Amino acid sequence: MQNLVTDLLATLAFGAVGVVLMGIGYGLVDLTTPGKLHELIWTERNRNAALLLASNLLGVGTIVVAAIVASDDDLALGLVGAAAYGIVGLVIMAAAFLLLDAVTPGRLGELLVDPEPHPAVWVSAVVHLSTGAIIAAAIL
C-alpha cells in the first residue's frame, strides 16, 4: 500500500511539473505569435494556431516523458531533470522558431495565425516536435 501512495504522489508531482511546463510553452507560443492565442484557437477556431500550440505541447510532453524514464526511480532527480530539461527545451523551441522566422520570407508568426491554412505551420510544427525529440534523446 505504501508503494501505491508513493507512486501516486510521484505521479502527481511529475504531472504538476509537466502542466507547469506546458503552461510556460503556451505562454511562449502566445508571445511569439500576434494576437491572443486563446481567442485565435477557441473563438476564431484558427487551425494554424492550434497546430502550432499542439506541436509545442507535444514536444514539451516528450521531454518530460524522457526525463521521467531517465530518472531511475529517483523522484527528486527526476523532477529536477524534468523541469530543467523542459525549460531548456522551451528555450530551444523558441530559438528555433525565431531562427526559422529569420530565414523565411514574411513574418512567420503572422502566417501561422492566418485564418486560411498555411503550409508554414506544418514546418514550424515539425520544428517543435523535432526539438522535443532531440532533447528527449539527449536525456536518454
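All figures in this text were calculated on a predicted structure; none of them were measured in a lab. (Residues numbered from 1 in each chain as written. Predicted model: local features only at pLDDT ≥ 70, side-chain atom pairs only at ≥ 80, totals over all residues. Heavy atoms only, no water.)

Enquirer: Help me get a handle on the overall build of the protein chain, residues and values and all.
Expert: Secondary structure summary: the protein chain contains six helices and zero strands in total. In sequence order, the protein chain lays out its α and β elements as α-α-α-α-α-α. Across its three principal directions, the C-alpha atoms of the protein chain cover 55 × 30 × 20 Å. Looking at the protein chain as a whole, 36% of its 140 residues are labelled buried. When contacts within the protein chain are restricted to residue pairs at least 6 apart in sequence, those whose partners lie at least 24 apart make up 73%. Entry remark: accessible area of the protein chain is about 8000 Å², with carbon and sulfur atoms responsible for 71%. Taken as two groups, the 4 positive and 11 negative side-chain charges of the protein chain have centres that lie 13 Å from each other. (Helix = DSSP H or I, 4+ residues; strand = E, 2+ residues; numbered from the N terminus. Buried < 20%, exposed > 50% of the residue type's maximum accessible area, 1.4 Å probe, protein only. Contact = heavy atoms within 4.5 Å. Areas by Shrake-Rupley, 256 points an atom, 1.4 Å probe, with all protein chains shown as cover. Lys, Arg positive; Asp, Glu negative; His and termini not counted. Charge placed at Lys NZ, Arg CZ, Asp CG, Glu CD.)

Enquirer: Before we move on, could you go through the environment of Ile87 and cite the residues and values that matter?
Expert: With respect to the helices and strands, the residue Ile87 is situated in helix α4 (residues 75-103). When residues no more than four places from it in sequence are discounted, the contact partners of Ile87 are Leu21 and Ile24.

Enquirer: Explain the pattern of salt bridges to me, and be specific about the residues and the numbers.
Expert: If you walk through the whole model with that rule in mind, you get one salt bridge. Residue Arg107 is joined to Asp101 by a salt bridge in which the shortest nitrogen-to-oxygen separation is 3.0 Å. Given the relative accessible area of 52%, Arg107 is considered exposed. Assessed through its relative accessible area of 9%, Asp101 is described here as buried. (Salt bridge = Lys/Arg side-chain N within 4 Å of Asp/Glu carboxyl O.)

Enquirer: Before we move on, can you summarise the packing of helix α1 (residues 2-32) against helix α3 (residues 47-70) with the specific residues and values?
Expert: In a pair of packed helices, the angle between the axes and the distance between the axes together describe the arrangement. As a packed pair, α1 and α3 sit with axes 9 Å apart at the nearest point and diverge in direction by 150°. Judged by the angle between their axes, α1 and α3 are roughly antiparallel. Considering how the two elements wind past one another, α1 and α3 form a crossing that is right-handed. Facing α1, whose interface residues are Phe14, Gly18, Leu21, Met22, Gly25, Tyr26 and Val29, α3 presents Leu52, Leu53, Asn56, Leu57, Val60, Val64 and Ile68. (Axes fitted to C-alpha atoms, helices over the stretch in contact; angles between N-to-C directions. Parallel < 35°, antiparallel > 145°, perpendicular 65-115°, else oblique. Left-handed = near helix turned anticlockwise from the far one by under 90°.)

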